[in-house]
Amino acid sequence: NAGVTQTPKFQVLKTGQSMTLQCAQDMNHEYMSWYRQDPGMGLRLIHYSVGAGITDQGEVPNGYNVSRSTTEDFPLRLLSAAPSQTSVYFCASSGYRGVGEKLFFGSGTQLSVL
Amino acid sequence: AQKVTQAQTEISVVEKEDVTLDCVYETRDTTYYLFWYKQPPSGELVFLIRRNSFDEQNEISGRYSWNFQKSTSSFNFTITASQVVDSAVYFCALKTSYDKVIFGPGTSLSVIP
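This write-up is about the structure you can find in this document. (Residues numbered from 1 in each chain as written. Chains lettered and ligands numbered in written order. Predicted model: local features only at pLDDT ≥ 70, side-chain atom pairs only at ≥ 80, totals over all residues. Heavy atoms only, no water.)

### Considering the overall build of chain B
This is how it is decided: A helix here means a DSSP run of H or I that spans at least four residues, while a strand means a run of E at least two residues long, and both kinds are numbered starting from the N terminus. Our radius of gyration is a C-alpha quantity, and the globule rule it is checked against amounts to 2.2 Å times the number of residues to the power 0.38. Think of it in three bands: with a 1.4 Å probe and only protein chains considered, a residue is buried below 20% of the maximum accessible area for its type, exposed above 50%, and partly exposed in between. The contact criterion used throughout is that any non-hydrogen atoms of two residues lie within 4.5 Å. Positive charges come from Lys and Arg, negative ones from Asp and Glu, while His and the chain ends are left out of the count. The location of each charge is read from NZ of Lys, CZ of Arg, CG of Asp or CD of Glu.
Assigned secondary structure in chain B consists of zero helices and 12 strands. Reading the secondary structure of chain B in the N-to-C direction produces β-β-β-β-β-β-β-β-β-β-β-β. Here the C-alpha radius of gyration of chain B, 14 Å, is about what a compact globule of 113 residues would show, namely 13 Å. Judged by the C-alpha coordinates and their principal axes, chain B covers about 45 × 25 × 20 Å. Expressed as a percentage of its 113 residues, the buried residues of chain B come to 45%. Here the analysis covers contacts within chain B between residues at least 6 apart in sequence; of these, 55% occur between residues at least 24 apart. Across chain B, the mean location of the 10 positive side-chain charges is 6 Å away from that of the 13 negative side-chain charges.

So this is what it looks like as structure tokens:
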């Protein structure tokens, strides 16, 4: 099983550029989410989805867009990158809604915005 | 509102010492889940334990134990006889009925040989 696959692993952007971080899972999980990790701040929830066609904002949604057209994929879009978005990004998924299943994490994307 | 607090930013212990990592949570939900995850220096996130709000039994797994107390909204994690391989960042997390999972800021544990 591939689990949760994130691409790319590393990315450098210039301020104002746009890009999409890809996340795919092959476990038929309903719940998918994006976190950013910054030193001393832990993992902060950006956006999450409880199923195809359903998304909602997390703790730090500004500057990011998401959509969920399929169960498998949950891309994160940066429309106009800013240096404050330099971070490590993790995608995570879990199974049936409403049940306390653990999160399965991708390996992370190191993003630098110059 | 949901919140997870891990007041200890960094802890340093000598190998074989016991260490307790504190976690305090806030939620108005009556049904919720608490988790601990470990992030070793390699960067991946590793699931350690899950607890639901109806089960206050303490749990022991090898050198790890967890103390869940609803009265104080705490879910503390103890490592007995710490080892160098325990050096990592440890995160406490909360999942409520709205499904989203909120993490605390993490505690960085260094075990010195």
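### Thoughts on the nonpolar core
All names here are of chain B. Short version of the rule: To define a nonpolar core, start from buried Ala, Val, Leu, Ile, Met, Phe, Trp, Tyr and Cys residues and group those joined through side-chain atoms within 4.5 Å.
Counting residues in each nonpolar core, the largest one holds 23 residues, and the members touching the most others are Trp 36, Phe 77, Tyr 90 and Leu 109. At the level of elements, strand S2 (10-14), strand S3 (19-21), strand S5 (33-39), strand S8 (64-69), strand S9 (74-79), strand S10 (88-95) and strand S12 (107-112) are the ones that each hand at least two residues to this core. Broken down by element, the residue count for this core peaks at four residues, all from S10. Setting aside residues up to four positions removed in sequence, Phe 77 forms contacts with Val 19, Thr 20, Leu 21, Trp 36, Leu 48, Tyr 64, Ser 65, Trp 66 and Tyr 90.

Keep in mind these values describe shape, not function.
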